[in-house]
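Okay, here's what each chain looks like letter by letter:
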Amino acid sequence: MAQLTIVPGKSKLSLWRAICEGAGPVALTAEAWTAIARSRKAIEDALASGRAIYGVNTGFGKLAQTRIPSEELNHLQRNLVLSHAAGVGPSLSDNVVRLILALKVSSLARGFSGVRPLVVERLLDLLNKGVLPEIPEQGSVGASGDLAPLAHMSATLIGEGMAKFQGERMQSSAALARAGIAPIELGAKEGLALLNGTQVSTALALVNLFAAEANIEAAFIAGALSTDAIKGSDTPFDARIHEARGQPGQIAAAAVLRSLMAGSEIRHSHENCPRVQDPYSIRCQPQVLGPCLDMLRYAARVFEIEANAATDNPLVFDDGAVLSGGNFHAEPVAIAADGLAIAIAEMGAISERRVALLIDSSLSDLPPFLASESGINSGFMIAHVTAAALASENKSLAHPASVDSLPTSANQEDFVSMATFAARRLGQMNANTGRIVAIELLAAAEGIEFLRPLKSSQPLEEAHRALRRCAKRFERDRFFAPSIEAVHELVASRAFERLLPDTLKLPSVG
């Protein structure tokens, strides 16, 4: 496997996607080590001068006025990790944990954090030798850093807590021993640098950005296939209409739909039909998927910047200044994640409407519920009910998390972002939308069967073949759920990415 090299401050989304997928060993640029060493020397010089530095030789949060004796500084950092490892709930998935480790490496390697190179080396060792800290998914409010989850990550470095090694859950000390990694004793500021930061919120946001990309790819295929299945018109996708409005996502979405439908025999078979207009879920696809595409691109820009950011506190500068600020506050991630939530919900909502259209014979001119012998067969009747249930659930989940705040740390941290939940809930939303789109793909593929021997376009026929490889035609009722899951796996694996035109340019595609 090719080496994946983090360029601190300049890494692209395609790199984070590759790390998330475990596509190769991770390394740092040579220049980064110089920056790390330089910032560590600045901290050591500041300590030697006797200055009071927040979190280095003082207490934390409300206890910031308490000065810590020099002989207790290492003990302070260990206590910080242990006391803050108070997360609860299910563990984060392996791909999220990989990304958290890599993002923390990138942040520390910017040279503003004052840690020893050894700390960064050990994080890379965990990542490359398959030691994944067990990190509970709940317990962060996304301000003062993702404190609790990052404490669980850091606990593994010092041989505390739980971890996985090669997929097996065990004590961190055992995982380190089996991987040949020595636990470390944290020095001054190092616990604070590890715990402060937005890496958990950002990792969750990135993983769900990638999942949203998979969903919008499949949504374009599903929408185009449904349009052909009901013998809908592609006139509403004419470039002139969208250029007259000028919205870039809408223009791009229309171009994708035109590309997918070009050359369809089905389209040519009804060019002179009496139907004047199709329902909005067909006709207004560019106007809905376009803004979703715009939102994905906006969120991607925010998340890419945050992935490259220095977000701990205090920050160490080349002139020796050690400045306390608030880069750990994850409001940028929270707001962008809330916007992405709306886009994910809308992708699923319009897909559900097209499923309803396909099974309604009065609108689609297809058999009721897409059943070959309706009455004895129920066809897609309850598959649509499932799609409706998932779309409704997403409406509740789309409520913005960033508008909420609860003060913590005795009101020292009095306004927080809730970014961790804002990003985490996107996982359930993406799963819901992915399954709605999977149901639509199955329904649209079934609709196409009723139009044979006519063929759709080349990319849509390829998509149809891919669907049939994992779910045969519903010639009669059968146990339905496995087909939905099989197609959902196809969606999540980005199997349709290669069928889309290069002009789509999704953010994580290198």
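Up top you'll find the structure we're talking about.
This structure is a prediction, so every number in the text was calculated from the model and none was measured. (Residues numbered from 1 in each chain as written. Predicted model: local features only at pLDDT ≥ 70, side-chain atom pairs only at ≥ 80, totals over all residues. Heavy atoms only, no water.)

### Focus on the packing of aromatic side chains
Argument step 1. All chains considered together, the criterion is met by four aromatic pairs.
Argument step 2. Between F380 and F480, the aromatic rings sit 5.1 Å apart at their centres with planes inclined by 85°, giving edge-to-face as the arrangement. With F380 in the loop between helix 16 (361-364) and helix 17 (381-397) and F480 in the loop between helix 20 (458-470) and helix 21 (481-492), this pair connects stretches of sequence that are 100 residues apart.
Argument step 3. Plain terms: the ring middles of F474 and F480 are 4.4 Å apart, the flat faces sit at 20° to each other, and that makes the pair stacked.
Argument step 4. We classify F474 as buried; its relative accessible area is 6%. (Phe/Tyr/Trp six-rings, centres within 6.5 Å; stacked < 30°, edge-to-face > 60°. Helix = DSSP H or I, 4+ residues; strand = E, 2+ residues; numbered from the N terminus. Buried < 20%, exposed > 50% of the residue type's maximum accessible area, 1.4 Å probe, protein only.)

### Brief notes about the pairing of strand 7 (residues 168-171)
A regular strand places its side chains on the two faces of the sheet in alternate fashion.
Argument step 1. Where strand 6 (residues 162-165) meets strand 7, four bridges bridge the pair, whose relative direction is antiparallel. Pairing of K164 across the sheet is with R169, part of strand 7.
Argument step 2. Where strand 6 folds back on strand 7, the antiparallel hairpin that results is connected by two residues, among which Q166 adopts a positive phi of roughly 50°. (Pairing = 2+ DSSP bridges.)

### What to know about the packing of helix 9 (residues 199-229) against helix 20
Argument step 1. Across the interface, helix 9 lies against helix 20 with an axial gap of 10 Å and an inter-helix angle of 105°. In terms of orientation, helix 9 lies roughly perpendicular with respect to helix 20. Packed against helix 9, whose contacting residues are I221, A224, L225 and D228, the element helix 20 presents L460, A463 and L467 at the interface.
Argument step 2. Of the residues in the contact of helix 9 with helix 20, the class split is six nonpolar, no polar and one charged. (Axes fitted to C-alpha atoms, helices over the stretch in contact; angles between N-to-C directions. Parallel < 35°, antiparallel > 145°, perpendicular 65-115°, else oblique. Contact = heavy atoms within 4.5 Å. Nonpolar A, V, L, I, M, F, W, Y, C, P; charged D, E, K, R; others polar.)

### Digging into the sheet that holds strand 6
Argument step 1. On the basis of which strands lie adjacent, the open sheet formed by three strands has the order 4-6-7 and antiparallel pairing. Every other strand in the sheet has two partners, leaving strand 4 (131-133) and strand 7 as the edge strands with one partner each. Averaged over neighbouring strand pairs, the angle between their axes works out to 35° when direction is ignored.
Argument step 2. Where helix 6 (residues 147-157) meets the sheet, it contacts strand 4 and strand 6, and its direction lies at approximately 140° from that of strand 4.
Argument step 3. Strands in contact with helix 7 (residues 172-179) are strand 4, strand 6 and strand 7; relative to strand 7, the strand with the most contacts, it is inclined by about 110°.

### Some details on the pattern of salt bridges
Argument step 1. Tallied over the entire structure, the rule returns 28 salt bridges.
Argument step 2. One salt bridge connects E440 with R354, and the closest N-O pair in it is separated by 2.6 Å. Placement of E440 in helix 19 (residues 426-449) and of R354 in helix 15 (residues 331-359) is noted, with a sequence separation of 86 residues between them. With respect to burial, E440 and R354 carry one shared label: buried.
Argument step 3. R435 serves as the salt-bridge partner of E485, at 2.8 Å between the closest nitrogen and oxygen. (Salt bridge = Lys/Arg side-chain N within 4 Å of Asp/Glu carboxyl O.)

### Comments concerning unusual backbone geometry
Argument step 1. Here the residue pair N313 and P314 is connected by a cis peptide bond, since its omega of -5° sits within 30 degrees of zero.
Argument step 2. When you line up the elements, P314 lands in the loop between helix 14 (285-307) and strand 8 (315-316).
Argument step 3. Within the chain, Q166 stands out as a residue other than glycine whose phi angle is a positive 50°.
Argument step 4. With respect to the helices and strands, Q166 occurs in the loop between strand 6 and strand 7.
Argument step 5. One non-glycine residue, L370, lies in the positive phi region at around 60°.
Argument step 6. Mapped onto the elements of the fold, L370 is located in the loop between helix 16 and helix 17.
Argument step 7. The exposure class assigned to L370 is buried, which follows from its relative accessible area of 1%.

### Digging into the side chain of T29
Argument step 1. Positionally, T29 belongs in the loop between strand 2 (26-28) and helix 2 (30-48).
Argument step 2. On the accessibility criterion, T29 (16% relative accessible area) is buried.

### Re a nonpolar patch on the surface
Argument step 1. A cluster of nonpolar residues, M381, I382 and V385, forms a patch on the protein surface that exposes about 260 Å² of accessible area.
Argument step 2. Along the chain, the position of V385 falls in helix 17. (Patch = residues over 30% accessible without salt bridge, like charges linked within 9 Å, V, L, I, M, F, W, Y side chains within 5 Å. Areas by Shrake-Rupley, 256 points an atom, 1.4 Å probe, with all protein chains shown as cover.)

### Overview of helix 4 (residues 94-108)
Argument step 1. In this model, helix 4 (15 residues) spans 21 Å end to end at C-alpha, consistent with the 21 Å of a helix rising 1.5 Å per residue.
Argument step 2. The element helix 4 is largely enclosed, with a buried count of 12 among its 15 residues.
Argument step 3. Of the positions making up helix 4, those classed as buried are V96, V97, L99, I100, L101, A102, L103, K104, V105, S106, S107 and L108. (Expected span 1.5 Å × (residues − 1).)

### Here's the deal with the environment of I68
Argument step 1. Following the sequence through the fold, I68 ends up in the loop between helix 2 and helix 3 (73-84).
Argument step 2. Note on I68: relative accessible area 17%, which makes it buried.
Argument step 3. Remark: the alpha-carbon pair of I68 and T34, spanning 34 residues in sequence, is separated by 29 Å.
Argument step 4. Leaving out residues up to four positions away in the same chain, I68 has contacts with N57, T58, G59, L73 and L76.

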